[in-house]
Every structure is written in C-alpha cells, then in structure tokens.
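Chain residues, written in single-letter form:
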Amino acid sequence: MPLKRVIPCLDVDAGRVVKGTNFVGLRDAGDPVELAERYDAEGADELVFLDITASHERRETIVELARRTADNVFIPFTIGGGIGSVADAQAVLDAGADKVSVNSAALARPELLTELADQFGSQCVVIAIDAKRDVDEEPPTSSPTCAAPAGWFGGTWGVYVKGGRERVPGRDAVAWAREAVERGAGEVLLTSMDRDGTNDGYDLELTRAVADAVPVPVIASGGAGELAHLSAAIAEGGADAVLCASIFHYGQHTVAEAKARLAADGIEVRR
C-alpha cells in the first residue's frame with residue numbers, strides 16, 4: 001500500500017508566505033524558502049507552493065521561487081499560480097519544480113490538462129479545485145457525470161476561482177475532478193473553502209466524494225486544526241495525502257509530530 005503523505009502548503013503573496021481564513025484575512029507567516037527548508041528537515045514528504053500574487057510578473061516570480069527552492073530543498077515540490085500554458089509549466093519545471101498545479105486556467109480551457117500531460121506526463125500535473133458547499137441546490141442527477149456524491153447532504157459543491165470570490169457556472173466539484181483526471185491530471189488538490197483556515201477539520205464528505213470518483217491520489221486541504229483531523233482525512237475521507245498550513249506555520253505542531261500521530265493511528269507513513 002502506498003505510504004500516506006504529509007504536505008505543508010505555502011501560499012505565497014509578493015514573496016512572503018501568508019495564511020487566512022476562508023481565503024481572506026491574510027497574515028504573514030514567513031519567507032517561503034526558509035519555511036521550505038524547515039519542513040524538509042522535519043521530514044515532510046512534499047511541498048506545495050501556491051503563488052497568489054496578482055501581477056504581470058507572476059511567471060518570473062514563480063520561476064525564481066522554484067529555482068530558490070530547488071537550490072535549498074531536497075524533497076519534491078509543486079508550484080501553482082500563473083500556470084496557463086505548456087510554456088509556463090516548462091519554465092517552472094526547468095527551474096526545479098517536480099509538478100505544476102493548475103486551477104482557473106484549466107477551468108477556462110480544459111484542454112490545457114491534456115496538453116500538459118502529453119508534454120510532461122500525468123505525474124507532473126495536479127488539478128487544484130477550490131470547492132464550496134451549495135446546500136440549497138437540488139441533487140445533480142440529470143446525467144451520469146453529475147451523479148449525487150456519496151453521503152448526500154442536500155446540495156452540491158460548487159467550484160470557485162479568483163481566491164474563492166467567483167463561482168464557475170455549471171461546475172460541480174466532483175464532476176470536475178472526474179473530468180480533469182480523464183483529461184490528464186495525475187493528482188487532485190482538493191480545498192474546502194468552507195473549512196480553509198478554520199481549524200475545524202477537513203470536509204470529509206467532500207474528500208470522500210472526490211476520492212471515490214477518481215482513480216488518482218487526492219490531497220485533502222482546508223481545515224486542519226489538530227492532528228486527529230489528519231488521520232480522519234485519510235481513514236474516513238479516503239485522502240492519499242493531507243495538506244497543512246497554519247498548524248505548521250505558526251508552530252502548533254511539527255511535521256514529525258503529525259507523522260507520529262498518523263503512525264499511532266495505524267496509518268503507514270514515511271518515518
């Protein structure tokens with residue numbers, strides 16, 4: 001059985017790591033490469049950098065971030081934010097990143113996922129999905145690709161872009177995850193906007209629905225507040241990896257403590 005992974009997430013804005021609640025109220029958490037080095041030393045399996053900087057120089061920014069990280073960190077890392085073409089991905093991968101994460105660009109033009117997979121292999125392509133519950137909607141049972149998720153709660157999960165400010169019309173998170181994988185994504189980075197930064201735990205229903213819908217690894221993101229939440233995301237949510245930010249950035253727990261807890265709960269991890 002593949003080992004489950006613990007992955008620190010670093011949201012980068014103007015060269016600094018930030019973290020907020022429900023995608024707003026951002027506060028500084030430090031230098032991205034310094035934090036990356038710390039997590040590498042603590043035993044993190046991978047790292048994810050999501051550049052949220054809104055600027056025309058984004059490509060150069062993320063390429064430089066990839067280069068600095070590759071020079072100082074020796075575990076795999078993913079870079080997302082500003083990847084809108086094969087050329088963008090090529091620049092980041094050439095600078096040392098192991099994978100690229102795409103979100104809004106893939107929603108705008110789903111063919112991008114196939115182009116990236118054909119060029120670099122599916123193992124390098126991560127589809128990032130920011131999802132939020134829409135509890136007042138009717139179950140999407142009109143077509144096989146929009147079947148109601150397991151554990152139906154009376155609504156769908158919408159897909160959002162622009163930092164969670166804008167819903168993508170007609171997109172259901174579970175159906176989009178399935179389509180993205182069919183188009184070439186080799187991994188799903190699934191963030192619950194409802195839980196992000198709340199420390200209330202991952203959205204287990206959302207995680208399980210997507211994990212059951214796709215044949216590739218699912219990374220649970222959004223809501224980790226205590227180590228028990230990590231175990232629940234894997235054991236109950238079906239996640240292959242857990243993404244964490246606040247509990248690591250602000251010293252609540254270390255990666256080593258997280259792995260020790262997972263192991264104590266019977267979950268196989270790299271020690």
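For the structure itself, look to the data block above.
Quantities reported herein were computed from a predicted structural model and do not represent experimental measurements.

## Observations regarding helix H7 (residues 204–213)
All of the buried residues along H7 are Leu206, Thr207, Ala209, Val210, Ala211 and Ala213. Buried residues belonging to H7 abut strand S7 (125–134), strand S8 (156–161), helix H6 (173–183), strand S10 (187–192), strand S11 (218–221) and helix H8 (227–235).

## Some remarks on the packing of H6 against H7
Orientation of H6 relative to H7, taken along the N-to-C sense of each, is 30°, at an axis distance of 9 Å. By the angle between their directions, the pair H6 and H7 is classed as roughly parallel. When the axes of H6 and H7 are compared, the crossing they make is right-handed. Seen from H6, the contacting residues are Val174, Ala177 and Arg178; seen from H7, they are Ala209, Val210 and Ala213. Looking at the contact of H6 with H7, its residues break down into 5 nonpolar, no polar and 1 charged.

## A word on the packing of aromatic side chains
Throughout the structure, instances matching the rule amount to 2 aromatic pairs. Between the aromatic rings of Tyr39 and Phe248, the centroid separation amounts to 6.0 Å while the plane-to-plane angle is 50°, which identifies the pairing as tilted. In this pair, Tyr39 sits in helix H1 (residues 32–42) while Phe248 sits in helix H9 (residues 246–249), placing the two residues 209 residues apart along the sequence. With respect to burial, Tyr39 and Phe248 carry one shared label: buried. Positioned above the aromatic ring of Tyr160 is the side chain of Lys132, whose terminal nitrogen or guanidinium carbon lies 5.9 Å from the ring centre.

## Here's the deal with the packing of H8 against helix H10 (residues 255–264)
Packing of H8 against H10 leaves a shortest axis separation of 9 Å and a crossing angle of 50°. Between H8 and H10, the crossing angle belongs to the class labelled oblique. Between H8 and H10 the crossing geometry is right-handed. Along the contact surface, H8 presents Leu227, Ala228, Leu230, Ser231 and Ile234, while H10 presents Glu257, Ala258, Arg261 and Leu262. Residue classes in the contact of H8 with H10 are distributed as 6 nonpolar, 1 polar and 2 charged.

## Re unusual backbone geometry
The phi torsion at Asn199 lies on the positive side, around 65°, for a residue other than glycine. For Asn199, the location among the structural elements is in the loop between S10 and H7.

## Digging into the nonpolar core
Proteins that are soluble and globular tend to have nonpolar side chains buried together. Ile127, Ile129 and Val188 are the most contacted members of the largest nonpolar core, which totals 77 residues. Among the elements that take part in this core, H6 stands out by supplying 6 residues, more than any other. In contact with Val188, other than residues within four places in its own chain, are Ile127, Ile129, Val181, Val210, Val214, Val216, Pro217, Val218 and Ile219. Counting residues in hydrophobic clusters, the runner-up holds 9 residues, among them Cys9, Leu189, Ile219 and Ala241.

## Here's the deal with the pattern of salt bridges
For the coordinates displayed, the defined rule picks out 19 salt bridges. We note a salt bridge from Lys162 to Glu166, for which the minimum N-O separation is 3.2 Å. Taking relative accessible area as the criterion, Lys162 reaches 52% and is therefore assigned exposed.

Conventions used here
- Residues numbered from 1 in each chain as written.
- Predicted model: local features only at pLDDT ≥ 70, side-chain atom pairs only at ≥ 80, totals over all residues.
- Heavy atoms only, no water.
- Buried < 20%, exposed > 50% of the residue type's maximum accessible area, 1.4 Å probe, protein only.
- Helix = DSSP H or I, 4+ residues; strand = E, 2+ residues; numbered from the N terminus.
- Contact = heavy atoms within 4.5 Å.
- Axes fitted to C-alpha atoms, helices over the stretch in contact; angles between N-to-C directions.
- Parallel < 35°, antiparallel > 145°, perpendicular 65-115°, else oblique.
- Left-handed = near helix turned anticlockwise from the far one by under 90°.
- Nonpolar A, V, L, I, M, F, W, Y, C, P; charged D, E, K, R; others polar.
- Phe/Tyr/Trp six-rings, centres within 6.5 Å; stacked < 30°, edge-to-face > 60°.
- Lys NZ or Arg CZ within 6 Å of the ring centre and 35° of its normal.
- Core = buried A, V, L, I, M, F, W, Y, C linked by side-chain atoms within 4.5 Å.
- Salt bridge = Lys/Arg side-chain N within 4 Å of Asp/Glu carboxyl O.

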